[in-house]
Amino acid sequence: MRTISRRRFLGGATLGAAAAGGLAPLAPALRADPLGLPIGFQVYPVRDALAQNFAGTLRQIAAIGYRTVEMCSPPGYEKSGFGPLVKLTAAEIRRTIEDAGLRCESCHYQFRELKENLDERIAFARELGLKQMVLSTFGLKPEATMADWARAAGELNRIAGQIQKAGIQTGFHNHNFEFKEIDGTLVYDKLMSEFDAKLVKMQFQVAVISIGYEAAAFLTKYPGRFLSLHLADWSAAEKKPVPVGSGVVDWKKLFAAAQKGGVSNYFVEMNLDAMKASYPYLHELKV
């Protein structure tokens, strides 16, 4: 089965599925904003705008109605558009985010920086006010064996143990890479058997609907194992990502399953235009 890289998927009119957000109690039925949680966004698709005007771009997105933001580690993503943010301290980043009317409790990290600079990244995360540190990808080669995946999962368990001591939850974010079979076993299922369920929670990228995998099925299959969601929709007719609510994803079914999965926040991961188009649908969605 062919996979789609994060960078390629993000390059379209919108991006593939989207963590920071509140731990508000679950909402009763018919309450606006799914699960009664503030609607969040991931910064990767708008990284160029953030690099040019960090504070202004955050205020612009907050004006749409978004209330939480999931960052990417500036040092880890320095060569991916976040270079201008490297010079800022965690306190400065946090103040800029909060001044825009947003809250940040989640951030993506690269595997290498967690393995080589963990103490520094944990200190940065605590100053930023994070509750979640999410590994974006193992970065394994396409020809990686199942043993390679299992070995990487073991490394993340070890790292997550250190992160937990700091009072922060570790997450793992999937791409399409994990939805292939090796010797008859889905890589994603293998990872779920290898991860320590208490140390590593999952962030599910809903965009894998583009290759035939439904988020609700995994949220139901593995109750309590999930941390957050990355949101985007998919047009089967046009074969491209589209704003939330205008594609094939059954969002009511997904958010009902998200409660079983243990999801505590979710982030729209799209370019700015699609982000604007997605917000009204999510805000009015009755679950």
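Look a little higher up for the structure.
Model, not experiment: these values are computed from the prediction. As a convention, each chain's residues are numbered from 1 in the sequence order in which they are written. Where totals are concerned, whole chains, interfaces and linings use all residues; where local detail is concerned, this predicted model gives features only for residues with pLDDT of at least 70, and gives and counts side-chain atom pairs only at 80 or more. Hydrogens are left out, water is left out, and the side-chain values use all remaining heavy atoms of the structure.

A. Region of the structure containing the side chain of His 173. Helix and strand labels come from DSSP, where a helix needs a run of H or I of at least four residues and a strand needs a run of E of at least two; each type is numbered from the N terminus. Structurally, His 173 is set in strand β5 (residues 169-173). Looking at His 173, the relative accessible area reads 0%, which means it is buried. A 3.5 Å cut-off defines polar contacts: any pair of N or O atoms within that distance qualifies, except that in protein one atom must be a possible hydrogen donor and the other a possible acceptor, and neighbouring residues in sequence count only when both atoms are side-chain atoms. A polar atom in the side chain of His 173 sits 2.6 Å from the side chain of Gln 205. The classification of residues rests on relative accessible area computed with a 1.4 Å probe and restricted to protein chains. Under 20% of the type maximum is buried, over 50% is exposed, and intermediate values are partly exposed.

B. Representation of the pattern of salt bridges in the model. Whenever a carboxyl oxygen of Asp or Glu lies within 4 Å of a side-chain nitrogen of Lys or Arg, that contact is scored as a salt bridge. What the rule picks out here adds up to 12 salt bridges. Of the charged contacts, one joins Glu 194 and Lys 190 as a salt bridge, the two residues approaching to 3.0 Å between their closest N and O atoms. With Glu 194 and Lys 190 both in helix α8 (residues 187-194), this residue pair falls 4 residues apart, about one helical turn. Owing to a relative accessible area of 29%, Glu 194 belongs among the partly exposed residues under this scheme. Relative accessible area serves as the criterion here: at 24%, Lys 190 is assigned to the partly exposed category. In this structure, Glu 214 engages Lys 253 in a salt bridge whose closest nitrogen and oxygen atoms are separated by 3.2 Å. Taken together, the positions of Glu 214 in the loop between β8 (200-205) and α9 (215-221) and Lys 253 in helix α10 (residues 251-261) put the pair 39 residues apart, joining distant regions of the chain. Judged by its relative accessible area of 30%, Glu 214 falls in the partly exposed class. In this structure Lys 253 comes out as partly exposed when scored by relative accessible area, which is 42%.

C. How the structure looks around the nonpolar core. With 90 residues, the main nonpolar core has Met 71, Phe 138, Phe 226, Leu 229, Leu 231 and Phe 255 as its most contacted residues. Top element by residues in this core is helix α7 (residues 146-165). It accounts for 8 residues. The contact definition used throughout considers only heavy atoms, calling two residues in contact when any of these lie within 4.5 Å. If near-sequence neighbours (up to four positions away) are discounted, Phe 226 is found in contact with Tyr 188, Met 192, Lys 201, Met 202, Phe 204, Phe 218, Leu 219, Gly 261, Gly 262 and Val 263. Residue types Ala, Val, Leu, Ile, Met, Phe, Trp, Tyr and Cys, when buried and joined through side-chain atoms within 4.5 Å, form a set referred to as a nonpolar core.

D. Layout of the environment of Arg 59. Of note, Arg 59 is situated in helix α3 (residues 54-64). Here the alpha-carbon distance between Arg 59 and Asp 99, two residues 40 residues apart in the chain, equals 8.4 Å.

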